[in-house]
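Fold and contact review
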Amino acid sequence: MRLKGTSLSFVINFLLGVAWATVFIGAFSTFLSFYSQSFFFAIIAAVVAMLPGMIGVLLLEYFIVSRDKYFELQKQTALLQKILEQQQTS
């Protein structure tokens, strides 16, 4: 689990797992469906079948990174405000 804590984290982690499952199932089932025709065509079809799941993974990872960045910026802002208050009182 990448995120810990709230119920939003649970939903994001669940959706991330669903997206990865979509990638693997799409690639595997498509590859096996087209393997009898041509190995090269089966690989190309598997890559194309992976795209929707990979887009979902990328979007969810972007959301996770943005959320982490937001929390880090909040911590930095709090520290900078403490430093500013200390400088003003000195």
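In case you missed it, the structure is sitting above this.
I will try to describe carefully the structure that is included in this document. These numbers were taken from a predicted model, which means no experiment stands behind them. (Residues numbered from 1 in each chain as written. Predicted model: local features only at pLDDT ≥ 70, side-chain atom pairs only at ≥ 80, totals over all residues. Heavy atoms only, no water.)

Together, Phe40, Ile44, Val48, Leu51, Ile55 and Leu59 make up an exposed nonpolar region whose accessible area comes to about 610 Å². By the secondary structure assignment, Leu59 is in helix α2 (residues 39-89). Overall, Leu59 belongs to the exposed group, its relative accessible area being 56%. (Patch = residues over 30% accessible without salt bridge, like charges linked within 9 Å, V, L, I, M, F, W, Y side chains within 5 Å. Areas by Shrake-Rupley, 256 points an atom, 1.4 Å probe, with all protein chains shown as cover. Salt bridge = Lys/Arg side-chain N within 4 Å of Asp/Glu carboxyl O. Helix = DSSP H or I, 4+ residues; strand = E, 2+ residues; numbered from the N terminus. Buried < 20%, exposed > 50% of the residue type's maximum accessible area, 1.4 Å probe, protein only.)

Below, the discussion takes up the packing of helix α1 (residues 7-34) against α2. Interhelical geometry of α1 versus α2 gives an angle of 175° and a closest axis separation of 7 Å. When the interaxial angle is binned, α1 and α2 end up roughly antiparallel. (Axes fitted to C-alpha atoms, helices over the stretch in contact; angles between N-to-C directions. Parallel < 35°, antiparallel > 145°, perpendicular 65-115°, else oblique.)

This part covers the packing of aromatic side chains. This model, assessed by the stated rule, comprises 6 aromatic pairs. Here the aromatic rings of Trp20 and Phe24 are separated by 5.8 Å at their centres, their planes lie at 25°, and the arrangement is stacked. Of this pair, Trp20 and Phe24 both sit in helix α1, separated by 4 residues, roughly a single helical turn. According to the relative accessible area criterion, Phe24 is exposed, its value standing at 56%. Where Tyr35 meets Phe39, the ring centres are 6.0 Å apart and the plane angle is 85°; that geometry is what we call edge-to-face. (Phe/Tyr/Trp six-rings, centres within 6.5 Å; stacked < 30°, edge-to-face > 60°.)

So, on to the nonpolar core. Among the nonpolar cores identified, the biggest contains 6 residues, and these are Ile12, Leu16, Ala19, Val57, Leu60 and Ile64. Contributions of two or more residues to this core are made by α1 and α2. When residues no more than four places from it in sequence are discounted, the contact partners of Val57 are Leu16, Ala19 and Trp20. (Core = buried A, V, L, I, M, F, W, Y, C linked by side-chain atoms within 4.5 Å. Contact = heavy atoms within 4.5 Å.)

A few words now on the environment of Leu16. Assignment of secondary structure puts Leu16 in helix α1. For the pair Leu16 and Tyr70, spaced 54 residues apart in sequence, the C-alpha separation works out to 20 Å.

What follows is about α2. Over its 51 residues, α2 extends 73 Å from the first C-alpha to the last, a length consistent with the 75 Å expected when each residue adds 1.5 Å. By the largest-angle criterion, Leu51 marks the main kink of α2, which is about 40°, and a proline, Pro52, follows within four residues. When α2 is considered as a whole, its buried residues turn out to be Ala42, Ala45, Ala46, Gly53, Val57, Leu60, Ile64 and Arg67. Elements that come into contact with the buried residues of α2 comprise α1. Regarding α2, its N-cap is Ser38, as a side-chain oxygen of that residue lies 3.4 Å from the backbone nitrogen of Phe40 further along. (Expected span 1.5 Å × (residues − 1). Bend = angle between axes of the 7 residues up to and from the residue. Polar contact = N/O pair within 3.5 Å; in protein donor to acceptor, adjacent residues only side chain to side chain.)

Tracing the backbone through its elements, the reader meets Pro52 in helix α2. As for Pro52 and Glu85, which are separated by 33 residues in sequence, their C-alpha atoms are 50 Å apart.

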